[in-house]
Amino acid sequence: MFDQKILIMLLEGTRDTLYMTLASTLFGYILGLPMGIVLAVTDKEGIRPNAVIYKVLDFIVNVIRSIPFLILLILVIPLTRAIVGKSYGSSATVVPLVIAAAPFIARMVESSLKEVDKGVIEAAQSMGASDMTIIVKVLLGEARTSLLVGVTIAVGTILGYSAMAGAVGGGGLGDIAIRYGYYRYQTDIMIMTIVILVVLVQILQYLGMLLSRKLDRRRL
Amino acid sequence: MLRPDTFYMRGNTLMNTMIRVEHLSKTFSQKDLTVEALKDVSFEIGQGDIYGIIGLSGAGKSTLVRCLNFLERPTGGTVTVAGKNLADLSTKELRAARQNIGMIFQHFNLLMQRTVLDNIMFPMEISGVPKDKAKKRAMELLETVGLTEKAKAYPVQLSGGQKQRVAIARVLANNPQVLLCDEATSALDPQTTRSILRLLRQINQEYGITIVVITHEMAVVQEICSRVAIIDHGVMVENGSVEEIFKAPKTEAAKRLIFGGIRQVPRMGSRHCVRIVFSEQSSYEPVIGNMVLEFKTPVNILYAATRNVSGKAKGEMVLQLSENEETAQKMIEYLKNRRLSVEELENYVNEEELEEDV
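Small disclaimer: the values here were computed from a predicted structure and weren't measured.

### Quick look at the overall build of chain A
Okay, so step 1: What chain A contains, in helices and strands, is 10 helices and 0 strands.
Okay, so step 2: Going residue by residue from the N terminus, the α and β elements of chain A occur as α-α-α-α-α-α-α-α-α-α.
Okay, so step 3: Overall size of chain A, expressed as C-alpha extent along the three principal axes, is 65 × 45 × 25 Å.
Okay, so step 4: When the 220 residues of chain A are sorted by exposure, 48% land in the buried category.
Okay, so step 5: By sequence separation, contacts in chain A at least 24 residues apart represent 73% of the contacts at least 6 residues apart.
Okay, so step 6: Total accessible area computed for chain A in this model is approximately 11,300 Å², and 68% of it derives from carbon and sulfur atoms.
Okay, so step 7: Between the mean site of the 20 positive side-chain charges and the mean site of the 15 negative ones, chain A shows a separation of 3 Å.

Below is the structure:
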């Protein structure tokens, strides 16, 4: 159906998409996980309520989350140039992806941590646990299943965003779909990229759920 | 090690005070709404005591127990545990003090993602006990609570009673001097409740741990407590030995809690209902039979039961006496002369709330 050149291009596109997705997820969590923890801890029901910190962070998260990703891509070009050195290609796409993903990840982490039974937190406090111990061993430990489900959702969402970045020369499968499928009317290539994206999402989703189920001790 | 620094007299024994609460109050405020959960509560708990705090739901007992380890900070008054005024402690010192004040809960509050063994090791992770030592200690504790074979199980695989046993093993890990039990048996069936209470008593005797039992069930207090405080609408209305309070409750709240056990009494027209309590010695003489023979007037037995109060068998009976005022008074006199505790139940008739509260 396709010649070798196109096949190699599709393979490279898949590789780039995976690279962008996984790198953005990783950096997204490096930023988003602490943000989510701070949100959960400083909330008025949290272990160390702090209205000021909560409101400021909450506001930042909401602002970034309301900017459409395509606009964000263009908005952060100066920052991307400063960090990566250029504004196009896979590595350059990671910058806006991380910025878009971090607040989204922060929200998911916040909601996962808030699911942890208040009684268990109280028990840890009654044992003399420090806030740090409670965060690491109780909140993150008890919420691990929910956090892993969050990672799975984040990977899927970031994968979708990364394809969008193709519109502005982002690289990866989205880029191929737009360049060949849209500008050159090569519908078969576009469909092929969609098939690959669907398969990727399915595999990642399956692995994520499998892992979170394996790690969940709350079921018999 | 923390040491109690004060003493008080109980009967002829000199007791060390483990917990002293003075003029404790706690007010919750939310915008325009303020709730006084505790009002000027003062009491002392001796070292090695099993002390019951009983009240209906909403009375403030859960808030009170949380003030004993500062999970709730009081708005007034002082709490001194093992010689330390908790309000004077820094955050770090308070955490160290809490390792000496264990707590178990109605819903057990185990870490669901950890094995039984890891749950018991958790407080030792907090206090910095080396892992191999912690594991050895955890295994010993599992033996104490009789769950050795469940070491590798997860909490979801355990029954309620087993979960509470794990929670008890966990709380013992750091050798606390005080154990707070917040409705620890309220989620358990009567049989499991008894086995958990037995375990608590065994711990109290073996390790000399002072135990504070928060409950809404008089039966729990009767089963293991030596002393009891009754709390009603944030006020401690009565406290003393369980025996005294069971025999002659003074306050309305105490009567409600104790007579709450008397359910099956039909509402009668007579005003002369009395509740009498027999101790072991007085059960030898057929008091009621002799009284009927002497006055040649029958009495109606409305309720009778034996209860185990602090390990002693107590007979409890509600009698409807003669309609004749004079005879009734004489009968009461007669019973009192037989050294029985007699209580007139004026409110007994039309006491509908009694049945609702049970």
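Here the narrative resumes.
### Quick word on the pairing of strand β5 (residues 76-81) of chain B
All names here are of chain B.
Okay, so step 1: Direction of pairing for β5 relative to strand β6 (residues 84-85): antiparallel, over a ladder of 2 bridges. Paired with T80 across the bridge in β6 is N85.
Okay, so step 2: The antiparallel hairpin formed by β5 and β6 contains 2 residues in its connecting segment, where A82 sits at a positive phi of about 50 degrees.

### Here we look at the state of the cysteines
Residue and element names in this part refer to chain B.
Okay, so step 1: Under the criterion given, the structure shown has 0 disulfides over all chains.
Okay, so step 2: Free cysteine C67: the closest other cysteine sulfur is in C181, separated by 17 Å.
Okay, so step 3: Between C181, a free cysteine, and C225, which holds the nearest cysteine sulfur, the sulfur-to-sulfur gap is 8.9 Å.

### So, the packing of aromatic side chains
Okay, so step 1: Counting across every chain of the model gives 4 aromatic pairs over all chains.
Okay, so step 2: Between F69 of chain A and Y161 of chain A, the aromatic rings sit 4.7 Å apart at their centres with planes inclined by 10 degrees, giving stacked as the arrangement. Placement of the pair is F69 of chain A in helix α3 (residues 69-75) and Y161 of chain A in helix α8 (residues 144-164), with a sequence separation of 92 residues.
Okay, so step 3: A relative accessible area of 6% places F69 of chain A in the buried class.
Okay, so step 4: Looking at Y161 of chain A, the relative accessible area reads 28%, which means it is partly exposed.
Okay, so step 5: Over the ring of Y180 of chain A we find R184 of chain A; its NZ or CZ atom is 4.4 Å from the centre of that ring.
Okay, so step 6: In this structure, R275 of chain B is placed above the aromatic ring of F246 of chain B, and the distance from its NZ or CZ to the ring centre is 5.0 Å.

### Side note on helix α3 (residues 116-127) of chain B
Okay, so step 1: Burial analysis of α3 of chain B places 9 of its 12 residues in the buried class, the great majority of the element.
Okay, so step 2: Every buried residue of α3 of chain B is accounted for by V116, L117, N119, I120, M121, F122, P123, M124 and I126 of chain B.
Okay, so step 3: Summarising the contacts, the buried residues of α3 of chain B are in contact with α6 (118-126) and α7 (131-142) of chain A together with α4 (131-144) and α5 (160-172) of chain B.
Okay, so step 4: Within two residues after α3 of chain B, G128 of chain B carries a phi angle of roughly 80 degrees, on the positive side.

### Examining the interface of chain B and chain A
Okay, so step 1: Contact with chain B, which involves 23 residues of that partner, is made by 25 residues of chain A.
Okay, so step 2: With both chains or domains summed, chain B and chain A bury close to 2,100 Å², and 59% of this area falls on carbon and sulfur atoms.
Okay, so step 3: It is Q113, I126 and V156 of chain B that lose the most area in chain B upon contact with chain A, and together they represent 30% of the buried surface on that side.
Okay, so step 4: At the junction of chain B and chain A, the tally comes to 2 salt bridges.

### Points about a nonpolar patch on the surface
Residue and element names in this part refer to chain A.
Okay, so step 1: Side chains of I191, V195, V199, I203, Y206, L207 and L210 sit close together on the surface and give an oily, nonpolar patch of about 630 Å² of accessible area.
Okay, so step 2: Looking at where I191 falls in the secondary structure, it is placed in helix α10 (residues 187-214).
Okay, so step 3: Accessibility expressed as a relative area gives 47% for I191, which makes it partly exposed.

### Quick word on empty space enclosed by the protein
A water-sized probe rolled over the atoms picks out the places where empty space is left.
Okay, so step 1: Under the defined criterion, the tally for this structure stands at 3 cavities of 30 Å³ or more.
Okay, so step 2: If you add up the space inside the second largest cavity, you get close to 80 Å³.
Okay, so step 3: Looking at the second largest cavity, the residues that line it are S126 and M127 of chain A together with R98, Q99, I101, G102, M103, P123, R170, V171, N174 and P176 of chain B.
Okay, so step 4: Elements represented by at least two residues in the lining of the second largest cavity include exactly β7 (101-104) and α5 of chain B.
Okay, so step 5: Considering each element in turn, the lining of the second largest cavity owes the most residues, 3 residues, to β7 of chain B.
Okay, so step 6: Across the lining of the second largest cavity, the residue classes tally to 6 nonpolar, 4 polar and 2 charged.

### Some points on the packing of α5 of chain B against helix α6 (residues 190-207) of chain B
Any two packed helices are characterised by the angle at which their axes cross and by the distance between the axes.
Residues and elements named next belong to chain B.
Okay, so step 1: It is the contact of α5 with α6, at a shortest axis distance of 10 Å, that shows an interaxial angle of 15 degrees. With respect to α6, the axis of α5 lies roughly parallel. Note on packing geometry: the crossing formed by α5 with α6 is right-handed. Here G161, Q164, R165, I168 and L172 of α5 come into contact with α6, specifically with T192, S195, I196, L199, L200, I203 and Y207.

### Points about the environment of L38 of chain B
Residue and element names in this part refer to chain B.
Okay, so step 1: The residue L38 is located in strand β3 (residues 33-46) in this model.
Okay, so step 2: Classification of L38 by relative accessible area gives buried; the value is 0%.
Okay, so step 3: Put simply, L38 and A187 are 149 residues apart on the chain and 25 Å apart in space, counted from C-alpha to C-alpha.
Okay, so step 4: Not counting chain neighbours up to four residues away, the residues in contact with L38 comprise L24, S25, K26, G60, T63, L64, C67, I231 and G234.

### Describing the domain arrangement of chain B
Residue and element names in this part refer to chain B.
Okay, so step 1: Domain annotation for chain B reports domain 1 (7-249) and domain 2 (260-357).
Okay, so step 2: Residue-level contacts link 12 residues of domain 1 with 13 residues of domain 2.
Okay, so step 3: Together domain 1 and domain 2 conceal approximately 1,100 Å² of surface at their shared face, both sides included; 50% is due to carbon and sulfur atoms.
Okay, so step 4: Counting the surface domain 1 buries against domain 2, the share from its top three residues, E243, F246 and K247, is 55%.
Okay, so step 5: Linking domain 1 with domain 2 are 0 salt bridges, by the criterion used here.
Okay, so step 6: Inspection of the region where domain 1 meets domain 2 yields 3 residue pairs in polar contact (both at pLDDT 80 or more).
Okay, so step 7: Counting only elements with at least two residues in the side of domain 1 that touches domain 2, the list comes to α7 (218-224) and α8 (242-247).
Okay, so step 8: Per-element tally for the side of domain 1 that touches domain 2: the top contributor is α8, with 4 residues.

### Considerations on the confidence of the model for chain B
All names here are of chain B.
Okay, so step 1: Mean pLDDT over chain B stands at 86; residues scoring 70 or higher make up 87%.
Okay, so step 2: The secondary structure element of chain B with the lowest average pLDDT is helix α12 (residues 352-357), at 43, and the one with the highest is strand β8 (residues 178-182), at 97.
Okay, so step 3: pLDDT under 50 marks residues 349-358. Its contacts with residues more than four places away, or in other chains, come to 16 contacts.
Okay, so step 4: Predicted complex, confidence summary: ipTM 0.88, pTM 0.83.

Rules used throughout
- Residues numbered from 1 in each chain as written.
- Chains lettered and ligands numbered in written order.
- Predicted model: local features only at pLDDT ≥ 70, side-chain atom pairs only at ≥ 80, totals over all residues.
- Heavy atoms only, no water.
- Helix = DSSP H or I, 4+ residues; strand = E, 2+ residues; numbered from the N terminus.
- Buried < 20%, exposed > 50% of the residue type's maximum accessible area, 1.4 Å probe, protein only.
- Contact = heavy atoms within 4.5 Å.
- Areas by Shrake-Rupley, 256 points an atom, 1.4 Å probe, with all protein chains shown as cover.
- Lys, Arg positive; Asp, Glu negative; His and termini not counted.
- Charge placed at Lys NZ, Arg CZ, Asp CG, Glu CD.
- Pairing = 2+ DSSP bridges.
- Disulfide = S-S within 2.5 Å.
- Phe/Tyr/Trp six-rings, centres within 6.5 Å; stacked < 30°, edge-to-face > 60°.
- Lys NZ or Arg CZ within 6 Å of the ring centre and 35° of its normal.
- Buried area = accessible area lost by both parts, 1.4 Å probe.
- Salt bridge = Lys/Arg side-chain N within 4 Å of Asp/Glu carboxyl O.
- Patch = residues over 30% accessible without salt bridge, like charges linked within 9 Å, V, L, I, M, F, W, Y side chains within 5 Å.
- 1 Å grid on protein atoms, 1.4 Å probe; cavity = no way out; pocket = protein on both sides within 12 Å on 5 of 7 lines; lining within 4 Å.
- Points joined across faces, edges and corners; volume = space filled by probe spheres on them.
- Nonpolar A, V, L, I, M, F, W, Y, C, P; charged D, E, K, R; others polar.
- Axes fitted to C-alpha atoms, helices over the stretch in contact; angles between N-to-C directions.
- Parallel < 35°, antiparallel > 145°, perpendicular 65-115°, else oblique.
- Left-handed = near helix turned anticlockwise from the far one by under 90°.
- Domains from an automatic or database assignment.
- Polar contact = N/O pair within 3.5 Å; in protein donor to acceptor, adjacent residues only side chain to side chain.
- pLDDT = per-residue confidence, 0-100.

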